[in-house]
Amino acid sequence: MDLEEFLDEWRNDSPTVLVHTSGSTGKPKPMLVEKRRMEASARITCDFLGLKAGDTALLCMSLDYIAGKMMVVRSLTCGLRLITVKPSGNPLATMKEPVDFAAMVPMQVYNTLQVPEERERLMQIKHLIIGGGAIDDALAKELKSFPNAVWSTYGMTETLSHIALRRLNGDEASEWYTPFEGVSLSLTEEGCLAIDAPAVHEGRLVTNDIAELSDKGFRILGRKDNVICSGGIKIQIEEVERLLRPHVSSAFMITKRADKKFGEQVVLLTESNDMDVLRGVCERVLPKYWQPRCFLHIDRLPMTETGKPARKEAENYALSMMN
């Protein structure tokens, strides 16, 4: 979808817009969302960040997904001046003018940091929000000294982009997300985050995210779908990846497959062929019961169009490789 197509859809008589989920836990699903709720979400974000009419906003993400659509809606609703570039891994490659507000996925930020001129342009963005995937420790460290505000977002298609932000840099840097005004949070019996955000979503929305609540806000520990139950031990996939990431230079991800003895076993998928090195890292860094019992080579890790790990595809691959 291009900008003109979306603007035509936005300006037609229908009260709803068609969007698709990201597909990180399965196939992308179509959803109809109300334009009035998208406008409400836009105002909440702009108010939180202190954006005002005339500020420049960069659209560098696909309009096939909610993140791109919401950048346009924020501009229309709050009077921002929209600058568009073709979605790519290096969105600032051709940018010349300064930008007040931009949204990117972690892959775009990572690529931009590798090019000195683009890194300078990134540092000049007054409010940079990053969503659509995990921000690893190395990336967060690179952003920590940025002079302007850099934020990690929390949200999903159902909440019309994000309902909370956390600072990645400056004195306000935190691992805790601050929910927007009007958002109420609770935990289910399984420890999953439940969201009440009447401005953007009707009814209580129960997520698959295992979370912790405190007076500081909330933090995400991982997804319920990504729990491996091995020999009675519950292992959070994201936590295993987080511990390994500083020590593994090759592309990898953790998944699982059935095991007769333990119920499920931890599997490490990697684009590397050096399994002995990876096995040594796992033995050194991970608790004994978290260590992968199987190491599998894959030519390319399965990812969604928005750059998130395609967990179900990874699990299916591990299952297909069983002896």
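Throughout what follows, the structure given in this document is the object of discussion. All residue numbers refer to positions counted from 1 along the written sequence of the respective chain. Since the coordinates come from a predicted model, pLDDT governs what is reported: local features require at least 70, and pairs of side-chain atoms require 80 or more to be given and counted, while whole-chain, interface and lining totals use all residues. Processing note: side-chain calculations cover all non-hydrogen atoms of the structure and skip hydrogens and water entirely.

1. Comments concerning the overall build of the protein
Threshold: Labels follow the DSSP assignment, with helices taken as runs of H or I lasting at least four residues and strands as runs of E lasting at least two, numbered in each case from the N terminus. With C-alpha atoms as the basis for the radius of gyration, the globule rule is written as 2.2 Å multiplied by the number of residues raised to the power 0.38. For the exposure calls, accessible area comes from a 1.4 Å probe over protein chains only, and a residue counts as buried if that area is under 20% of its type's maximum, exposed if over 50%, partly exposed in between. When checking whether two residues touch, look at their non-hydrogen atoms; a contact exists if any pair is within 4.5 Å. Under the convention used here, Asp and Glu are negative, Lys and Arg are positive, and both His and the chain ends fall outside the count. We put the charge of a Lys on NZ, of an Arg on CZ, of an Asp on CG and of a Glu on CD.
Along the backbone of the protein there are 9 helices and 18 strands. Over its C-alpha trace the protein gives a radius of gyration of 20 Å, about what one expects of a compact globule, namely 20 Å for 323 residues. Reported as C-alpha extents along the three principal axes, the dimensions of the protein are approximately 60 × 45 × 40 Å. Residue burial in the protein is summarised as follows: out of 323 residues, 47% are buried. A sequence separation of at least 24 residues applies to 57% of the contacts in the protein between residues at least 6 apart. Between the centroid of the 40 positive side chains of the protein and the centroid of its 45 negative side chains there is a distance of 4 Å.

2. Brief notes about the nonpolar core
Here is the rule: We define a nonpolar core as any set of buried Ala, Val, Leu, Ile, Met, Phe, Trp, Tyr and Cys residues linked to one another through side-chain atoms lying within 4.5 Å.
In terms of nonpolar packing, the biggest core is built from 65 residues, with Met38, Leu58, Met104, Leu122 and Leu143 touching the most fellow members. Within the second largest apolar cluster, 16 residues are counted, among which are Ile235, Ile237, Val248 and Phe252.

3. Quick word on the environment of Ser184
For Ser184, the position within the fold is in strand β10 (residues 184-187). Ser184 gets classed as partly exposed once you look at its relative accessible area, which sits at 41%. C-alpha separation for the pair Ser184 and Ala53, spaced 131 residues apart in sequence, amounts to 29 Å. The residues contacting Ser184, other than those within four sequence positions of it, are Ala194, Ile195 and Asp196.

4. Focus on the pairing of strand β5 (residues 101-104)
This is how the line gets drawn: A strand pair is defined by DSSP finding two or more bridges across the two strands.
Alternating positions in β5 separate into two faces, Phe101 and Ala103 on one and Ala102 and Met104 on the other, with burial throughout. Looking at chain direction, strand β3 (residues 56-59) and β5 are connected through 2 bridges and run parallel. What sits directly across from Ala57, in β5, is Phe101.

5. So, unusual backbone geometry
Despite not being glycine, Leu160 has its phi angle at roughly 55°, a positive value. Within the secondary structure, Leu160 is located in the loop between β7 (149-156) and β8 (161-167). Look at Ser161: it is not a glycine, yet its phi comes out positive at around 80°. Among the structural elements, Ser161 can be located in strand β8. On the basis of relative accessible area, Ser161 is assigned to the buried category, the value being 12%.

6. What to know about the sheet that holds strand β9 (residues 178-179)
Going by this rule: An axis is simply a line fitted to the C-alpha atoms; with a helix, the fit covers only the stretch in contact. Between two such axes, the angle follows the N-to-C directions and lies from 0 to 180 degrees.
The strand order across the open sheet formed by 7 strands is β4-β3-β5-β6-β7-β8-β9, and the pairing between neighbours is mixed. With one partner strand each, in any of the chains shown, β4 (81-84) and β9 form the two edges of the open sheet. Relative to β7, strand β6 (residues 127-130) is paired through 4 bridges, and the arrangement is parallel. Within β7, the residue paired with Ile129 across the bridge is Trp151. Contacting β5, β6, β7, β8 and β9, helix α2 (residues 35-49) crosses the sheet at an angle of about 15° to β8.

7. Here's the deal with the packing of aromatic side chains
Convention followed: Any pair of Phe, Tyr and Trp rings, taking the six-membered ring for Trp, is counted once the centres come within 6.5 Å. Such a pair is stacked with planes under 30 degrees apart, edge-to-face with planes over 60 apart, and tilted for the rest. For a ring to carry a charge above it, either NZ of a lysine or CZ of an arginine must fall within 6 Å of the ring centroid while also lying within 35 degrees of the normal to the ring plane.
If you walk through the whole model with that rule in mind, you get 6 aromatic pairs. Ring centres of Tyr177 and Phe218 lie 5.3 Å apart, and the angle between their planes is 25°; on these two criteria the pair is classed as stacked. Taken together, the positions of Tyr177 in the loop between β8 and β9 and Phe218 in strand β13 (residues 217-223) put the pair 41 residues apart, joining distant regions of the chain. Accessibility classification places Tyr177 together with Phe218 in one group, the buried group. Ring-pair connections join several aromatic residues into one group, and the members of that group are Phe48, Trp151 and Phe180. The ring centre of Trp151 lies 5.3 Å from the NZ or CZ of Arg167, which sits over that ring. Taking the ring centre of Phe262 as reference, the NZ or CZ of Arg293 above it sits at 3.9 Å.

8. Some points on the side chain of Thr56
The topology assignment puts Thr56 in strand β3. Excluding its chain neighbours within four sequence positions, the residues that come into contact with Thr56 are Arg81, Ile83, Glu97, Pro98, Val99, Asp100 and Phe101.

9. Considering the sheet that holds β13
Strands sit in the order β10-β11-β12-β13 across an open sheet of 4 strands; the sheet is antiparallel. Looking along the sheet, the strands with just one partner apiece sit at the ends: β10 and β13. In this sheet, neighbouring strand axes are inclined to one another by 55° on average, regardless of whether the strands run parallel or antiparallel. Across 4 bridges, the pairing between strand β11 (residues 192-196) and strand β12 (residues 204-214) is antiparallel. Paired with Asp196 across the two strands is Arg204, which belongs to β12.

Coordinates in, geometry out; function isn't part of it.
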